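Take a look at the letters that make up each chain.
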Amino acid sequence: MISYDPSVQPNKEEWLESTEQERIDLVKNFHELNDESLDEEALTVHSAVHVIVENQLAMGVELLPETVAKLTRQGLPRHEAIHAIGAILAEDIFAIVRGERSEVSPNQYRRKLENITAKRWRKGQY
């Protein structure tokens, strides 16, 4: 892969054939070129979350493609749909880091994906 554009779904085979670090670097490069105002550490975390969501999409994880389709039908750009799903993931990851949970619950993740809407995302209610 030469570049990453979150407004377009990457070629699944090419995406999965690249290394995790190559994926993170591609996402970071996109955000750096588009003047995202994130410091280096925040940009790395942001990029890693992008990569997790794109990995799940490329692997066809249950409800991910449908959730992106739903959010884009509701008016979110694909990039913002990736952010909405990434926020759900990040919330669970940070709960584990804080010691509030010991693992991500697939059932809870599925429920959150089912319930997220563009309207709720815009209101910060995901």
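Residues numbered from 1 in each chain as written. Predicted model: local features only at pLDDT ≥ 70, side-chain atom pairs only at ≥ 80, totals over all residues. Heavy atoms only, no water.

K.L.:
Talk me through helix H4 (residues 64-73); I want residue IDs and the actual numbers.
P.N.:
Since there are 3.6 residues in each turn of an α-helix, residues three or four apart along the chain are aligned in direction. Among the residues of H4, those classed as buried are Leu64, Thr67, Val68, Lys70 and Leu71. All buried residues of H4 project into a common sector of 160° when viewed along the axis, lining one side. The first or second residue beyond H4 is Gly75, which carries a positive phi of 110°. (Buried < 20%, exposed > 50% of the residue type's maximum accessible area, 1.4 Å probe, protein only. Helix = DSSP H or I, 4+ residues; strand = E, 2+ residues; numbered from the N terminus. Arc of directions from axis to C-beta.)

K.L.:
Give a detailed account of helix H6 (residues 106-115), specifying residues and quantitative values.
P.N.:
Every buried residue belonging to H6 is among Tyr109, Lys112 and Leu113, and all of these are buried. Axial view of H6: buried residues confined to an arc of 100°, hence all on one face. The inward-facing, buried residues of H6 contact helix H3 (40-59), H4 and helix H5 (78-97). (Contact = heavy atoms within 4.5 Å.)

K.L.:
Account for the nonpolar core, with residues named and values stated.
P.N.:
Formed by 19 residues in total, the largest nonpolar core has its most connected members in Val53, Leu64, Ile85, Tyr109 and Leu113. Mapped onto this core, the elements with two or more residues apiece are H3, H4, H5, H6 and helix H7 (118-122). It is H5 that provides the largest number of residues to this core, a total of seven residues. Beyond its immediate chain neighbours, meaning those up to four positions away, Leu64 contacts Val53, Gln56, Leu57, Ile85, Tyr109 and Leu113. Formed by eight residues, the second largest nonpolar core is a distinct cluster that contains Tyr4, Trp15, Leu26 and Val51. (Core = buried A, V, L, I, M, F, W, Y, C linked by side-chain atoms within 4.5 Å.)

K.L.:
Go over the packing of H4 against H5 with me, naming the residues and quoting the values.
P.N.:
Remark: H4 packs on H5, axes separated minimally by 9 Å, with the N-to-C direction vectors making an angle of 125°. Taken together, the axes of H4 and H5 are oblique relative to one another. H5 is crossed by H4, and the crossing has right-handed handedness. Residues Leu64, Thr67, Val68, Leu71 and Thr72 of H4 form the contact with H5, whose participating residues are Arg78, Ala81, Ile82, Ala84 and Ile85. Partitioned by chemical class, the residues of the contact of H4 with H5 number seven nonpolar, two polar and one charged. (Axes fitted to C-alpha atoms, helices over the stretch in contact; angles between N-to-C directions. Parallel < 35°, antiparallel > 145°, perpendicular 65-115°, else oblique. Left-handed = near helix turned anticlockwise from the far one by under 90°. Nonpolar A, V, L, I, M, F, W, Y, C, P; charged D, E, K, R; others polar.)

By themselves, these observations are geometric and do not establish any function.
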